[in-house]
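Structure assessment
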Amino acid sequence: MSRLTPRSDWPRSAFYWFYFSALGALLPYWPLYLRLRGFGPRALGDLMALLALSRVVAPYVGGALSDRLGHRLTVVRGGALLALVCFLTIPYAHGFMTVAAAMMTFSFFWYATLPPVEASTLAFHGDRYGRIRLWGSIGFIVVVLGLGPVLDRFGAAAVVPVIAVLLFGLWLATLGLAPLAPPAATSVRRPIQRGLLPFLVACFLMQVSYGPYYTFYSLYLAHYGYSNAAIGALWALGVICEILVFWQAGRFFAHFRESRLLAFTLALAVVRWIMIALFARSWPLLALAQTFHAFTFGLYHAVAVRIVSRYASPGAKARAQAIYGSAAGAGAAVGAALSGYLWVALGREGMFLAAAAVAAVGFVIIARHQIVAGEPAV
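Residues numbered from 1 in each chain as written. Predicted model: local features only at pLDDT ≥ 70, side-chain atom pairs only at ≥ 80, totals over all residues. Heavy atoms only, no water.

**Here's the deal with the overall build of the protein**
Looking only at helices and strands, the protein features 14 helices and zero strands. Along the protein, helices and strands appear, N-terminal first, in the series α-α-α-α-α-α-α-α-α-α-α-α-α-α. Partitioning the intrachain contacts of the protein with sequence separation of at least 6 by distance along the chain shows that 87% fall at a separation of at least 24. Summed over all atoms, the accessible surface of the protein reaches about 14,900 Å², with 69% contributed by carbon and sulfur. (Helix = DSSP H or I, 4+ residues; strand = E, 2+ residues; numbered from the N terminus. Contact = heavy atoms within 4.5 Å. Areas by Shrake-Rupley, 256 points an atom, 1.4 Å probe, with all protein chains shown as cover.)

See the structure below:
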């Protein structure tokens, strides 16, 4: 397949924009909507865990289908449309089980769209990956900043139509994508090397540590009197810093080994969660902690997908990205589920201190098991 032209960056950028714009509405504000629906901390944590659980299965299913069937674009377009249809059932769902089912089906199809696009972008736009992917961060910022004042005025239920519109936009963006490259013919049995197990465990633990943040950070700030607009501003600050790192990610790779960069992001996550736990009443210190998102998410993600792409077999790029996505999804699910119980057992601050301890374990694993260069898995 011929090299894609720079013009084809724009449909990909639009895909990332709508995908992560929906995430910008979901992560900060969906717990507020669930609280409005009457769910308490434990039920809320379980619902967010089920939402994250879709990330365990969906990325691998989407990646495996696109690799084995060779119809990556069909998987992406179909997943985007089904995600929209399933999401529209949520306002009509009542009770924990029906809401959980609606959330899991919507998120399953939504998450399944990303690995084929990630694999294709890394394969044909690897040198520009950060600059294409940053449009997702820009979309996240626009939504998280704009939606906070809207919810202050109209209530948490307004998040539902906003996400529906963004999912519709995601489906439209898939219609503009150029055909995604079919996988190379291969008899791969292992998409990535076994030696990357410590890396996957560390990624799992990083996402576990993010559980309290993704599930309860907005409610945590609301408890201390922050408005939805202020909460949105703090979320957006972190993503603004993330964009700067995505833009300049290549400079980090030129000067530092990937394993050291990964260890650094985990160490900084420890500091970040401790600051959130101890200085919730201090806006300047909370803002400082949010700037660390540039590294604990932006640099971490750029390093992770680069490692996965490097050690993936030629015909299993999407499956390799899906394995990473599944490890991250499992961590997010465990972290979300535990956070509800930690909130009750240890209190709000103790919950974030526990997150710091989890990130510290991930740091130790990477520090003791360096990622060693080698041939891709076969």
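The rest of the description comes next.
**A few points about the packing of aromatic side chains**
Taken as a whole and assessed by the stated rule, the structure comprises 31 aromatic pairs. With a centroid separation of 4.9 Å and 25 degrees between ring planes, the pair formed by Tyr210 and Tyr214 is classed as stacked. Of this pair, Tyr210 and Tyr214 are both found in helix H8 (residues 197-223), four residues apart, which corresponds to roughly one turn of the helix. Take Tyr214: its relative accessible area is 14%, and that puts it in the buried class. Joined through ring pairs, the aromatic side chains of Phe15, Tyr16, Tyr19, Phe20, Trp30, Tyr33, Phe87, Phe106, Trp110 and Tyr111 make up one cluster. For Arg272, the ring lying beneath its charged end belongs to Tyr213, and the centroid distance is 4.6 Å. (Phe/Tyr/Trp six-rings, centres within 6.5 Å; stacked < 30°, edge-to-face > 60°. Buried < 20%, exposed > 50% of the residue type's maximum accessible area, 1.4 Å probe, protein only. Lys NZ or Arg CZ within 6 Å of the ring centre and 35° of its normal.)

**Considering helix H9 (residues 228-247)**
Helix length check: H9, at 20 residues, gives a terminal C-alpha distance of 29 Å against a target of 28 Å (1.5 Å per residue), a fit within 8%. Within H9, 14 of the 20 residues are buried, leaving the element largely enclosed by the surrounding structure. (Expected span 1.5 Å × (residues − 1).)

**What about the nonpolar core?**
Here is a general trend for soluble globular proteins: nonpolar side chains tend to be buried in one another's company. Of all hydrophobic cores here, the largest spans 124 residues; its most connected members are Trp30, Leu34, Trp110, Val159, Phe199 and Trp273. Sort the elements by how many residues they give to this core and helix H1 (residues 9-36) lands first, with 14 residues. Setting aside chain neighbours within four positions, we find Leu34 in contact with Phe39, Leu44, Leu47, Met48, Val99 and Met103. (Core = buried A, V, L, I, M, F, W, Y, C linked by side-chain atoms within 4.5 Å.)

**Re the packing of H1 against helix H7 (residues 159-175)**
Between H1 and H7, the shortest axis-to-axis distance is 9 Å and the interhelical angle comes to 160 degrees. Between H1 and H7, the interaxial angle falls into the category roughly antiparallel. When you trace H1 past H7, the crossing you get is left-handed. Class assignment for the residues of the contact of H1 with H7 results in 19 nonpolar, three polar and no charged. (Axes fitted to C-alpha atoms, helices over the stretch in contact; angles between N-to-C directions. Parallel < 35°, antiparallel > 145°, perpendicular 65-115°, else oblique. Left-handed = near helix turned anticlockwise from the far one by under 90°. Nonpolar A, V, L, I, M, F, W, Y, C, P; charged D, E, K, R; others polar.)

**Comments concerning the confidence of the model for the protein**
Looking at the protein, the pLDDT average stands at 83 and 83% of residues meet or exceed 70. When pLDDT is averaged over each helix and strand of the protein, the minimum, 72, is found for helix H5 (residues 114-125) and the maximum, 95, for helix H12 (residues 283-291). Low pLDDT (under 50) marks residues 1-7, which in the prediction has twelve contacts with non-local residues, meaning those over four places away or in another chain. Taken as a whole, residues 372-378 scores under 50 in pLDDT and shows 17 contacts with residues more than four places along the chain or in a different chain. (pLDDT = per-residue confidence, 0-100.)

**Some details on helix H4 (residues 96-112)**
End to end, H4 covers 24 Å across 17 residues, agreeing with the expected 24 Å (1.5 Å per residue, within 8%). Where H4 is concerned, the buried positions are Val99, Ala100, Ala102, Met103, Phe106, Ser107, Trp110, Tyr111 and Ala112.

**Thoughts on a nonpolar patch on the surface**
A contiguous nonpolar patch, built from Ile274, Leu278, Phe279 and Leu353 and spanning about 330 Å² of accessible area, is present on the exposed surface. By the secondary structure assignment, Leu353 is in helix H14 (residues 317-368). Residue classification places Leu353 among the partly exposed residues on the basis of a relative accessible area of 39%. (Patch = residues over 30% accessible without salt bridge, like charges linked within 9 Å, V, L, I, M, F, W, Y side chains within 5 Å. Salt bridge = Lys/Arg side-chain N within 4 Å of Asp/Glu carboxyl O.)

**Some remarks on the side chain of His293**
If you trace the backbone, His293 turns up in helix H13 (residues 293-310). Since its relative accessible area comes to 6%, His293 is described here as buried. Within the local environment of His293, its side chain forms a polar contact with the side chain of Arg272, the two groups lying 3.0 Å apart. Leave out the neighbours within four places in its chain, and His293 touches Tyr210, Gly238, Val239, Glu242, Arg272 and Gly298. (Polar contact = N/O pair within 3.5 Å; in protein donor to acceptor, adjacent residues only side chain to side chain.)

**What about the environment of Thr291?**
Locating Thr291 in the fold gives a position in helix H12. C-alpha separation for the pair Thr291 and Trp235, spaced 56 residues apart in sequence, amounts to 9.7 Å. Each residue touching Thr291, except ones within four places of it in the same chain, is listed here: Leu237 and Cys241.

**Observations concerning the side chain of Ser218**
Relative to the assigned elements, Ser218 resides in helix H8. On the basis of relative accessible area, Ser218 is assigned to the buried category, the value being 3%. Here the side chain of Ser218 touches Trp235 through a polar contact of 3.2 Å, side chain to side chain. Every residue in contact with Ser218, bar those within four places of it in the chain, is listed here: Pro28, Ile231 and Trp235.

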